[in-house]
Amino acid sequence: MTSTIMVLEICANSYQSAKNAKEAGAHRIELCQELSVGGITPSFCLLKQVTENLSIPVFVLIRPRGGNFIYSDDEFKIMKQDIQVCKDLGFQGIVSGVLSNDQAIDIKRTQELIALSRPLEFTFHRAFDEVKNHKEALQQLIDIGVERVLTSGKEKSAEEGLEVLKELNEIANGRITILAGGGINAKNAIKFKNAGLKEIHASASLRLHSVQASQLEENNSLFSMPLTYSDSKKIKAILDAI
C-alpha cells in the first residue's frame, strides 16, 4: 500500500446524498438525479441548493435523459444550455459526453461540450464503456483535452474490469485520469489503489425503508421505485479503506 491519497468521488442523487458526502469527508461529488436510469441532469433548484450550501468540489452530470448517448439536435441544445447554467452557478466541473451511431466517441459534439465547459474540468462519463475500441477512444479523449474518464473497464463492475482499468491507466500515463466506477465499496476499494489508480467513484448507496414504500411495493405501484441515498457510514468506510 502506498501513502498516496486516493480521491473518492461520490455520485450523489439528491441534496441529502450530497450533504452526507460532504459531512463524511468525500473529496468530490458528481451531482445527478435518477440513478435508476444511470443518472440525468439535476434540476435547477437542486443545483442552486447544493452550490449555495455545500463547500465541496462538485461536478455536474449533463445528460438530458436515460437511454443511449446519441442525442437529437434539440437534446444537444438542452445539454449546452445546462452547462452554461452550471458555469453561472459556480460549479467546478462537468460530466458528460456524446457517442456516434457506430459506438465511437462523437468527437465534434464532445469537443463542443468541452469548449463550452471551460474553464471547468470535464469528465467523460460511462458512455465510454459502450465504445467498441477503448484504446482508440481513450487517445481521442486525451487529444481533445478531457481531464478524466469515468469507466468500469467495460464490465458490469469496476472490480470485474480491473485488468482493463490497469491497461487504460498505463496508456493514459498521466495525460488523463482514469476514474474507476461501478460497484466500488469499502471491501474492494483498496484493489484500485493497489493497481495504481488515483481516483474512484462510488454512490455508497443505502436503500431507505419505510412503511409507505413497502406498501407501494406490495401493491406494485407505479411509484414503488426504491428510494436510495449516499450513506455517510459507507462513505467513511471507503475513505478508511483507501
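Residues numbered from 1 in each chain as written. Predicted model: local features only at pLDDT ≥ 70, side-chain atom pairs only at ≥ 80, totals over all residues. Heavy atoms only, no water.

**Structural notes on the overall build of the protein**
What the protein contains, in helices and strands, is nine helices and 10 strands. Taking the intrachain contacts of the protein between residues at least 6 apart in sequence as the baseline, contacts between residues at least 24 apart amount to 66%. If you sum the accessible surface of the protein, you get close to 11900 Å²; carbon and sulfur atoms cover 49% of it. Averaging the coordinates of the 28 positive side-chain charges in the protein and doing the same for the 30 negative ones gives two points 3 Å apart. (Helix = DSSP H or I, 4+ residues; strand = E, 2+ residues; numbered from the N terminus. Contact = heavy atoms within 4.5 Å. Areas by Shrake-Rupley, 256 points an atom, 1.4 Å probe, with all protein chains shown as cover. Lys, Arg positive; Asp, Glu negative; His and termini not counted. Charge placed at Lys NZ, Arg CZ, Asp CG, Glu CD.)

**Brief notes about helix α6 (residues 162-172)**
An α-helical turn contains 3.6 residues, so a residue and the one three or four places further along point in the same direction. Taken together, the buried positions of α6 are occupied by L162, L165, L168 and A172. Take α6 and look down its axis: the buried residues cluster within an arc of 115°, on one side only. Structural note: α6 exposes E163 and E170 on the side pointing more than 90 degrees away from its buried face. Next to the buried residues of α6 lie α5 (134-143), β6 (148-151), β7 (177-181) and α7 (189-194). Trailing α6 by a residue or two, N173 shows a phi angle of about 50°, which is positive. (Buried < 20%, exposed > 50% of the residue type's maximum accessible area, 1.4 Å probe, protein only. Arc of directions from axis to C-beta.)

**Describing the sheet that holds strand β3 (residues 58-61)**
In spatial order, the strands read β1-β2-β3-β4-β5-β6-β7-β8; together these eight strands close into a barrel with parallel pairing. Averaged over all adjacent pairs, the angle separating strand axes in this sheet is 25°, with direction ignored. As judged from the three bridges shared by β7 and strand β8 (residues 199-202), these two strands associate in the parallel manner. Bridging across to β8, G181 finds its partner in H201. (Pairing = 2+ DSSP bridges. Axes fitted to C-alpha atoms, helices over the stretch in contact; angles between N-to-C directions.)

**Quick look at the pairing of β3**
Looking along a regular strand, one sees side chains alternate from face to face of the sheet. Residues V58 and V60 of β3 are buried on one face, and the alternating residues F59 and L61, pointing to the opposite face, are buried as well. In this view, the connection linking strand β2 (residues 28-31) to its parallel neighbour β3 by way of helix α2 (residues 44-53) has right-handed handedness. With three bridges connecting them, β3 and strand β4 (residues 93-96) associate as parallel partners. Considered in β4, the bridge of V60 is made with I94. (Right-handed = clockwise from strand over helix to strand, strands pointing away.)

**Let's talk about the side chain of H134**
By the secondary structure assignment, H134 is in helix α5. Once you skip the residues sitting within four places of it in the chain, H134 turns out to touch F128, K154, V164, E167 and L168.

**Observations regarding helix α4 (residues 107-117)**
Of all the residues in α4, the buried ones are R109, T110, L113, I114 and S117. In a view along the axis of α4, the buried residues occupy a sector of 140°, so they form one face of it. Exposed and facing more than 90 degrees away from the buried side of α4 are K108 and A115. Elements that come into contact with the buried residues of α4 comprise α3 (73-89), β4 and β5 (121-124).

**Some thoughts on the nonpolar core**
The biggest cluster of nonpolar side chains holds 63 residues, and the ones touching the most others in it are F192 and I200. The residues contacting F192, other than those within four sequence positions of it, are M6, A158, E159, L162, L165, A180, I184, L197 and I200. C11, C32, F59 and L61 belong to the second-largest nonpolar core, a separate cluster that totals five residues. (Core = buried A, V, L, I, M, F, W, Y, C linked by side-chain atoms within 4.5 Å.)

**Quick word on the side chain of S152**
Mapped onto the secondary structure, S152 falls in the loop between β6 and α6. A relative accessible area of 0% means that S152 is categorised as buried. At 2.9 Å, the side chain of S152 forms a polar contact with the side chain of R126. (Polar contact = N/O pair within 3.5 Å; in protein donor to acceptor, adjacent residues only side chain to side chain.)

**As for unusual backbone geometry**
Negative phi values dominate among residues other than glycine, just as trans dominates among peptide bonds. Backbone torsion omega between R118 and P119 reads 15°, so that peptide bond is classified as cis. Relative to the assigned elements, P119 resides in the loop between α4 and β5. Phi at E34 is positive, roughly 60°, even though this residue is not glycine. As for its placement among the helices and strands, E34 is situated in the loop between β2 and α2. Despite not being glycine, Q103 has its phi angle at roughly 60°, a positive value. Residue position: Q103 is located in the loop between β4 and α4.

Taken by themselves, the reported measurements are silent on function.
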